[in-house]
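Structural overview
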Amino acid sequence: MTGSGSLSSPLCTWIVAACMSVTCAKESKHALSPPSSTTGNRSRRRKAAAAAALKCNSNNKYNNYGSGMGGGGPSLQGLVSSCLAFEPCSHYYASNGLLRSNRKLRRLHPPALSGQAMAVAVQPTKEVETKKKPHTKQKRVVVTGLGVVSPLGHEPDVFYNNLLEGVSGVSQIEAFDCAQFSTRIAGEIKSISTDGWVSPKLAKRMDKFMLYMLIAGKKALADGGITEDVMDELNKAKCGVLIGSAMGGMKVFNDAIEALRISYKKVNPFCVPFATTNMGSAMLAMDLGWMGPNYSISTACATGNFCILNAANHIIRGEADVMLCGGSDSAIIPIGLGGFVACRALSQRNDDPTKASRPWDMNRDGFVLGEGAGVLLLEELEHAKKRGANIYAEFLGGSFTCDAYHMTEPRPDGAGVILCIEKALAQSGVAKEDVNYINAHATSTPAGDLKEYHALMHCFGRNSGLRVNSTKSMIGHLLGASGAVEAIAAVQAIQTGWVHPNINLENPEQGMDTSVLVGPKKERLDIKAALSNSFGFGGHNSSIIFAPFK
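The residue count restarts for each chain, going from 1 along the sequence in the order it is written. For a predicted model such as this one, the threshold for reporting local features is a pLDDT of at least 70, and the threshold for listing and counting side-chain atom pairs is 80 or more; totals across whole chains, interfaces and linings nevertheless cover every residue. With hydrogens and water stripped out, all remaining heavy atoms of the structure feed into the side-chain values.

1. So, the overall build of the chain
The helix count covers DSSP runs of H or I at least four residues long, the strand count covers runs of E at least two residues long, and both are numbered beginning at the N terminus. In terms of helices and strands, the chain carries 21 helices and 14 strands. Put simply, the chain has 550 residues, and 54% of those count as buried. The contact criterion used throughout is that any non-hydrogen atoms of two residues lie within 4.5 Å. Here the analysis covers contacts within the chain between residues at least 6 apart in sequence; of these, 79% occur between residues at least 24 apart. Accessible surface is estimated by sampling points in the Shrake-Rupley manner with a 1.4 Å probe; for residues, cover comes only from the protein chains shown. Only carbon and sulfur atoms are counted for the fraction: they give 53% of the accessible area of the chain, which is about 24,900 Å². Between buried and exposed lies partly exposed: a residue is buried under 20% and exposed over 50% of the maximum accessible area for its type, with that area taken using a 1.4 Å probe on protein chains only.

Written as structure tokens, this is what we have:
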């Protein structure tokens, strides 16, 4: 059938009229029928309707439904679709006085013979109607595996035991000559083995942020008991990866810029994919064959928390059974160090590295740059129980907000952080009185530490037995990985019943209630609910809550 043929048919004409009438005469309870007029009037109306429809659709910028049809004209299906999608234009109403009013419309088209035309016009709309989902009990999310790469070790137990002992992972930078920089210290990973985790060829090509991510992700799987046999039984379409990065592949990109100074032919062909923040999650999914939700989030130093919360939401909504989630960053390279030095954000306590990171201490002079990755294996409770998984803790919920105030400074009144915490409590159904452990963001910066402390006191100041600490006092600030690594510390605190100390807190800021801060030694604590905070440049605030599984 050609386009012109379709327009000249009586059926097409009345379908056009029906479609237009359904759109513009919504109050009419009756469908359209062919007019009982004379043969001459019927012919004129057919031509007028067809011409008006063509003119409307030819003026429509979205009109492409005629492609592929003989003669280049619009198809019957396209004409009906177009009529349903858009309101009739003025040309249609002006065509020979046709359909000027709803009253005249009903007079010209009585309801007696209306059934077929109405059925054709309305049928597509029925297809997009959504049925209300039956109320179902919300799925529970549990932590069944932990993977970490950090300045204090690359196994969850080693990492947490070093934290409990108050060991500092901050030292002189060895990866490159940084004598020209005012800061020459960092929470640097001195060595890590890729054997059994990443192929040597791939490990040589990829940026460290991606390398750390793959290792931590696979270690979380191994820790969670996901063996090859278990992997074969998983529904890969409901297994996802959501691991983010604040900085991405900085070294890969920087090396490409240096190569470009010589010639574009010297640029590494992997520089673009290996520099993007999403590729770590993608590479891990390719390795595992997981076809569920897969992407990355980048919200500066709040990245890890954002990824964990969004991964949990995929499970709660039934879109996934298993999610690997967290964050990874490696910015201890000249451009990374130089950028933060230029911001005047880093500590310059070069002669005493282990004392450099000192949250809430009066003598703090900036944060310490760190690197690493943290990955949690989250799982739907019934799925975890069915395979007999070891459950570390339960993820109860969380929230995020934006300060909408400044690129790097927190709001002076702490409103963004307070709102974030209150929303996290409401979303997770946890009473503020039940929160007795907080792993604070506390980076060791003059403004940030106090603003967070005041927000915490506003929300939890009256909580009996409240304990607050900062993991960054020992490993520095791992940027996009910090939230995930600190979430692992919170989960380990729940699992072991011990919270790690705050080291270097020798002279607390005046006006602080030091009784809520963990001292220089580890402390026993029966945790009811643990809150972990992360905040990032741009005013990103995030709070997530874990509790013992019961």
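Having seen the structure, we can now continue with the description.
2. Here we look at the layout of surface pockets
When its volume is computed, the largest pocket comes out at roughly 590 Å³. If you trace the largest pocket, you find 33 residues lining it, with T408, P410, T445, G448 and F537 closest to the centre. Looking at the lining of the largest pocket, the elements that each hand over two or more residues are α19 (446-460), β13 (530-536) and β14 (540-547). For the lining of the largest pocket, the element with the most residues is α19, which contributes 6 residues. Looking at the lining of the largest pocket residue by residue, the class counts come to 13 nonpolar, 13 polar and 7 charged. Whether a set of points on the 1 Å grid over the protein atoms alone is a cavity depends on a 1.4 Å probe fitting there but being unable to get out, while an open set qualifies as a pocket with protein on both sides within 12 Å along at least five of seven lines; lining residues are those with an atom within 4 Å of a point. Grid points are joined across faces, edges and corners, and a volume is the space filled by probe spheres set on the points. Residue type decides the class: Asp, Glu, Lys and Arg count as charged, Ala, Val, Leu, Ile, Met, Phe, Trp, Tyr, Cys and Pro as nonpolar, and the leftover types, Gly among them, as polar.

3. Notes on the packing of helix α8 (residues 156-164) against helix α21 (residues 482-496)
Note on geometry: axes are C-alpha line fits, over the in-contact stretch for helices, and angles between N-to-C directions span 0 to 180 degrees. Where α8 meets α21, the axes come as close as 10 Å, and the angle between the chain directions of the two elements is 85°. In terms of orientation, α8 and α21 fall into the roughly perpendicular class. Along the contact surface, α8 presents P156, D157, F159, Y160 and L163, while α21 presents V485, I488, A489, Q492, A493 and T496. Partitioned by chemical class, the residues of the contact of α8 with α21 number 8 nonpolar, 2 polar and 1 charged. Note on angle classes: values under 35 degrees are labelled roughly parallel, values over 145 roughly antiparallel, values of 65 to 115 roughly perpendicular, and the remainder oblique.

4. A closer look at α8
Turning to α8, its buried residues are P156, F159, Y160, L163 and L164. Take α8 and look down its axis: the buried residues cluster within an arc of 135°, on one side only. Tucked into the core, α8 has its buried residues touching β1 (141-149), α20 (472-475), α21 and β11 (498-499). Just downstream of α8 lies G166, where phi reads positive at about 75°. Read the arc as the range of directions from the helix axis to the C-beta atoms.

5. Some remarks on the environment of V267
Checked against the element boundaries, V267 lands in the loop between α12 (250-260) and α13 (271-275). Given a relative accessible area of 23%, V267 falls into the partly exposed group. Sequence separation of V267 and A256 is 11 residues, and the distance between their C-alpha atoms is 5.2 Å. With residues near it in sequence (within four places) discarded, V267 still touches A256, A259 and L260.

6. Remarks on unusual backbone geometry
The phi dihedral of A300 falls on the positive side, at around 55°, and the residue is not glycine. Note that A300 resides in the loop between β5 (294-295) and α15 (303-316). Even without being a glycine, L479 presents a positive backbone phi close to 55°. Inspection of the secondary structure assignment puts L479 in the loop between α20 and α21. We classify L479 as buried; its relative accessible area is 1%.

Worth remembering: the numbers are spatial, not functional.
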